[in-house]
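Structural description and commentary
What follows is each chain in one-letter form.
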Amino acid sequence: MRLTFFFVFLLFISSSTLATASPPPSPDRYLSSLLRRPPRQHQQQDYIELSHPLPTDRLVPSCSHLLLNHSFAYTYGQPPTSVPYAPPSTCPPPWTYVVLDLRVAVRGDQYDRIAGLWLGGVELLRTSTAEPTEDGVYWRVRKDVTKYASLLARSDLDFSVMLENLVNADFEQETKFENSIKFQNNGNDKKVKQSVTSKTEIKITNVVGEVVGQASLKRKYPLKVITSTRDMGNGTYHLFTNVDHSLKERFSSGNISSSLTNSQASDGWMLVHDHNVLSGEAKTDQSYVYIDNYSCYTRNVAAVNGQLTRDNTSFICPNYW
């Protein structure tokens with residue numbers, strides 16, 4: 001990875017100023033310009049992630065507060081980047097909502113990095129950079145941080161971002177992985193199946209041991225990967241890959257319940273000669289369905305070779321629920 005540009009905003013929303021507030025400046029155009037280079041066949045890509053909309057999405061912020069504008073070059077093994085923090089003077093507390101708005105742009109080799117954001121030592125966000133292209137990619141992450149309002153109202157703290165980035169031509173990565181793999185056709189066909197299930201239960205009892213409240217969270221993470229290799233001769237081969245994975249979550253607490261299903265199916269192929277990719281294609285379909293006692297939200301997205309071909313959003317509950 002060569003360059004990673006971080007823009008971190010806090011969007012403050014106060015009920016008394018919603019009607020007259022102006023929207024915050026958007027750095028998306030600037031992020032794209034940072035990646036710009038002489039015209040080529042390809043262009044920078046805007047990465048999207050399917051997630052449930054925030055309750056503030058249709059509200060206009062009272063003000064925006066830029067916390068950090070920083071370019072991460074070689075930061076591997078270095079301490080976090082820190083800046084003094086103070087709440088905005090243009091819209092002091094109390095606030096109805098506070099949203100953390102992270103804008104990131106990356107250009108270079110395809111290696112992702114884990115990043116963390118802290119305020120006064122309290123972690124606000126843990127995220128990962130997307131796998132970039134040579135031309136560059138950019139994306140946006142938003143998180144409701146209203147519960148940290150008492151912390152955000154202080155002026156004696158530092159805001160810190162940790163991203164261990166490498167800037168070089170070569171990078172070696174060691175990964176240890178244990179799983180069951182099925183080989184067929186002399187090892188040219190491989191199939192991996194994995195299923196992870198977790199269950200968390202919370203019970204609240206009173207002083208005499210009676211249960212006065214309880215909650216349950218169940219999650220499943222199915223994964224299936226199929227790869228096939230076909231030798232074309234003269235050091236050339238075709239590689240075909242199919243990946244299906246999902247997050248299935250169900251939450252219940254008394255009369256309150258919710259469910260989330262986030263599934264993605266991807267497949268592609270590439271023609272390789274002496275470890276050089278000559279050509280290839282890829283496509284992906286992703287479905288995000290969230291349902292609770294009061295609302296439903298679905299979003300279906302499809303892309304072919306990095307280009308968005310379908311993006312449908314609905315707040316109507318599916319018929320099968």
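Quick note: structure is the one above.
Heads up: these notes are all about the structure in this document. (Residues numbered from 1 in each chain as written. Predicted model: local features only at pLDDT ≥ 70, side-chain atom pairs only at ≥ 80, totals over all residues. Heavy atoms only, no water.)

A word on the overall build of the protein chain. When helices and strands are tallied, the protein chain shows 2 helices and 17 strands. Counting every position in the protein chain, which comprises 321 residues, the buried fraction comes to 32%. Expressed as a percentage of contacts within the protein chain between residues at least 6 apart in sequence, the contacts between residues at least 24 apart total 67%. Accessible area of the protein chain: about 19700 Å², with a carbon and sulfur share of 51%. (Helix = DSSP H or I, 4+ residues; strand = E, 2+ residues; numbered from the N terminus. Buried < 20%, exposed > 50% of the residue type's maximum accessible area, 1.4 Å probe, protein only. Contact = heavy atoms within 4.5 Å. Areas by Shrake-Rupley, 256 points an atom, 1.4 Å probe, with all protein chains shown as cover.)

Per the stated rule, a full pass over the model turns up 10 salt bridges. Among the salt bridges present, the one from D101 reaches R103, with a minimum N-O distance of 2.8 Å. Residues D101 and R103 agree in their burial class; the two are buried. Among the salt bridges present, the one from R310 reaches D285, with a minimum N-O distance of 3.1 Å. A residue pair is termed long-range when its members are at least 10 positions apart, and R310 in strand β17 (residues 307–314) and D285 in strand β15 (residues 276–292) qualify at 25 residues. Salt bridges here are not isolated pairs; linked through shared partners, they connect D101, R103 and R140. (Salt bridge = Lys/Arg side-chain N within 4 Å of Asp/Glu carboxyl O.)

The next point concerns the pairing of strand β13 (residues 236–253). As paired strands, strand β12 (residues 211–233) and β13 are joined by 15 bridges and run antiparallel to one another. Across the sheet, residue G233 finds its bridge partner in β13, namely T236. Hairpin connection from β12 to β13: 2 residues lie between these consecutive antiparallel strands, with N234 at a positive phi of about 60°. Taken together, the 18 bridges between β13 and strand β14 (residues 256–273) define a ladder with antiparallel strand orientation. The residue bridging E249 from the neighbouring strand is L260, located in β14. Hairpin remark: β13 followed by β14, antiparallel, with 2 residues in the connecting loop; positive phi at G254, about 65°. (Pairing = 2+ DSSP bridges.)

With that settled, the discussion passes to a positive patch on the surface. On the surface, a cluster of positive charge is made up of K218, K220, K248 and R250. Mapped onto the positive patch, the elements with two or more residues apiece are β12 and β13. If you trace the backbone, K220 turns up in strand β12. (Patch = residues over 30% accessible without salt bridge, like charges linked within 9 Å, V, L, I, M, F, W, Y side chains within 5 Å. Lys, Arg positive; Asp, Glu negative; His and termini not counted. Charge placed at Lys NZ, Arg CZ, Asp CG, Glu CD.)

All right, on to a nonpolar patch on the surface then. Taken together, the side chains of I202, I204 and V212 make up a nonpolar region of the molecular surface, amounting to roughly 290 Å² of accessible area. Here I204 shows up in strand β11 (residues 189–205).

By the criterion of burial, strand β16 (residues 296–304) is predominantly enclosed, with 7 of the 9 residues buried. In this antiparallel pair of consecutive strands, β15 and β16, the connection spans 3 residues. With 7 bridges connecting them, β16 and β17 associate as antiparallel partners. Residue pairing in the sheet places V301 in a bridge with D311 of β17. Taken together, β16 and the strand that follows it, β17, pair antiparallel across an intervening segment of 2 residues, in which N305 is found at a positive phi of about 55°.

With that settled, consider the nonpolar core. L119, W139, L152 and F159 are the most contacted members of the largest nonpolar core, which has 27 residues in total. Elements with a minimum of two residues in this core: β3 (63–72), β5 (97–107), β6 (114–119), β7 (122–128), β8 (137–144), α2 (149–152) and β9 (157–163). Element by element, the count of residues in this core is highest for β5, at 5 residues. Apart from the residues lying within four places of it in its own chain, the contact partners of L119 are Y85, L124, L151, L152, L157, D158 and F159. (Core = buried A, V, L, I, M, F, W, Y, C linked by side-chain atoms within 4.5 Å.)

Spatially, the 4 strands line up as an open sheet ordered β4-β9-β6-β7, and their pairing is antiparallel. The open sheet terminates on both sides in strands that have one partner only, identified here as β4 (81–85) and β7. Direction aside, neighbouring strands of the sheet carry axes that sit 15° apart on average. Note: β6 against β9, 5 bridges, orientation antiparallel. In the strand pairing of β9, L119 is matched with F159. (Axes fitted to C-alpha atoms, helices over the stretch in contact; angles between N-to-C directions.)

What follows deals with the packing of aromatic side chains. For the structure shown, the criterion picks out 2 aromatic pairs. Seen in terms of ring centroids, Y288 and Y297 are 6.1 Å apart; in terms of plane orientation they differ by 70°. Their pairing is edge-to-face. Measuring from ring centre to ring centre gives 5.4 Å for Y297 and F315, while their planes differ by 55°; the resulting arrangement is tilted. You can see Y297 sitting in strand β16 and its partner F315 sitting in the segment after β17, a full 18 residues away along the chain. (Phe/Tyr/Trp six-rings, centres within 6.5 Å; stacked < 30°, edge-to-face > 60°.)

Counted under the stated rule, the structure contains 1 disulfide. What pairs with C63 in a disulfide is C91, and their sulfur atoms sit 1.7 Å apart. Of this pair, C63 sits in strand β3 while C91 sits in the loop between β4 and β5, and the two are 28 residues apart along the sequence. For the pair C63 and C91, one class covers both residues: buried. (Disulfide = S-S within 2.5 Å.)

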